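Breakdown of the fold
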Amino acid sequence: QVQLVESGGGLVQAGGSVRLSCAASGRNLEDFEVGWFRQPPRKEREFVGRIHRIGSAPIYTDSVKGRFTISRDTIENTVDLQMNELKPEDTAVYFCAARIPTAAEWRYWGQGTQVTVSA
């Protein structure tokens, strides 16, 4: 079993930066592919990006490319989402999720953290 907890959300002005962290307990996050998702107000949850278990570069949805960066902190057992040049449309609840590399389903989810970007 893996428990995921997001942290780092809050209120930020447009153009600012926020760093979210996804912490895991129960397992080493290096054993999993980790994804970030978000759910804007009154919209469906959407994919933001993911980092593979080993080696390959993270993948991002087009709207965040060049602004968001996903990275692993192997010492802290976290996967972080650095968000720069934030826009009001980035306002959402952000979730991290984990799956074993061969699975299609994102089996483990955190509870989410709110990021609000003011104009």
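See the structure above.
The sections below set out a description of the structure shown in this document. Remember, it's a predicted structure, so these values are computed and weren't measured experimentally.

A full pass over the atoms with the stated rule returns five aromatic pairs. Considering the side-chain rings of Phe-37 and Phe-47, the 5.7 Å spacing of their centres and the 75° angle between planes classify their relative orientation as edge-to-face. A residue pair is termed long-range when its members are at least 10 positions apart, and Phe-37 in strand β4 (residues 33-39) and Phe-47 in strand β5 (residues 46-51) qualify at 10 residues. Here the aromatic rings of Phe-95 and Trp-109 are separated by 6.4 Å at their centres, their planes lie at 75°, and the arrangement is edge-to-face. With Phe-95 in strand β9 (residues 92-99) and Trp-109 in strand β10 (residues 108-109), this residue pair connects regions lying 14 residues apart in the sequence. On the accessibility criterion, Phe-95 (11% relative accessible area) is buried.

Core analysis: the largest hydrophobic core is formed by 28 residues, its most contacted members being Leu-4, Leu-20, Trp-36, Phe-68, Leu-81, Met-83 and Tyr-94. At the level of elements, β3 (18-25), β4, β5, β7 (68-73), β8 (78-83), β9 and β11 (113-118) are the ones that each hand at least two residues to this core. Setting aside its immediate chain neighbours within four residues, Leu-81 contacts Val-18, Arg-19, Leu-20, Trp-36, Phe-68, Thr-69, Ile-70 and Tyr-94.

Our next topic: the state of the cysteines. Within the structure shown, the criterion is met by one disulfide. Between the sulfur of Cys-22 and that of Cys-96 lies a disulfide, 2.1 Å long from S to S. Here the disulfide of Cys-22 and Cys-96 is right-handed, its torsion about the S-S bond being about 65°. In this pair, Cys-22 sits in strand β3 while Cys-96 sits in strand β9, placing the two residues 74 residues apart along the sequence. Cys-96 matches Cys-22 in its accessibility class, with the two residues each being buried.

So, on to the pattern of salt bridges. Side chains carrying opposite charge are able to pair once their charged atoms draw close together. Here the structure, examined in full by the defined rule, presents eight salt bridges. Between Arg-19 and Asp-80 there is a salt bridge, and its shortest N-O distance comes to 3.3 Å. Note that Arg-19 is positioned in strand β3 and Asp-80 in strand β8, a separation of 61 residues in sequence. For the salt bridge of Arg-50 with Glu-33, the shortest nitrogen-to-oxygen distance reads 2.5 Å. In this pair, Arg-50 is assigned in strand β5 and Glu-33 in strand β4, connecting sequence segments 17 residues apart. The network of salt bridges with shared partners includes Arg-38, Glu-46, Arg-67 and Asp-90.

Evaluation of the coordinates by the stated rule reveals one cavity of 30 Å³ or more. Space inside the largest cavity adds up to approximately 40 Å³. Taken together, Asn-28, Leu-29, Glu-30, Arg-72, Asp-73, Thr-74, Asn-77, Thr-78 and Val-79 make up the full set of residues lining the largest cavity. Of all the secondary-structure elements, those providing two or more residues to the lining of the largest cavity are β7 and β8. For the lining of the largest cavity, the residue count by class is two nonpolar, four polar and three charged.

Calculation rules
- Residues numbered from 1 in each chain as written.
- Predicted model: local features only at pLDDT ≥ 70, side-chain atom pairs only at ≥ 80, totals over all residues.
- Heavy atoms only, no water.
- Phe/Tyr/Trp six-rings, centres within 6.5 Å; stacked < 30°, edge-to-face > 60°.
- Helix = DSSP H or I, 4+ residues; strand = E, 2+ residues; numbered from the N terminus.
- Buried < 20%, exposed > 50% of the residue type's maximum accessible area, 1.4 Å probe, protein only.
- Core = buried A, V, L, I, M, F, W, Y, C linked by side-chain atoms within 4.5 Å.
- Contact = heavy atoms within 4.5 Å.
- Disulfide = S-S within 2.5 Å.
- Salt bridge = Lys/Arg side-chain N within 4 Å of Asp/Glu carboxyl O.
- 1 Å grid on protein atoms, 1.4 Å probe; cavity = no way out; pocket = protein on both sides within 12 Å on 5 of 7 lines; lining within 4 Å.
- Points joined across faces, edges and corners; volume = space filled by probe spheres on them.
- Nonpolar A, V, L, I, M, F, W, Y, C, P; charged D, E, K, R; others polar.

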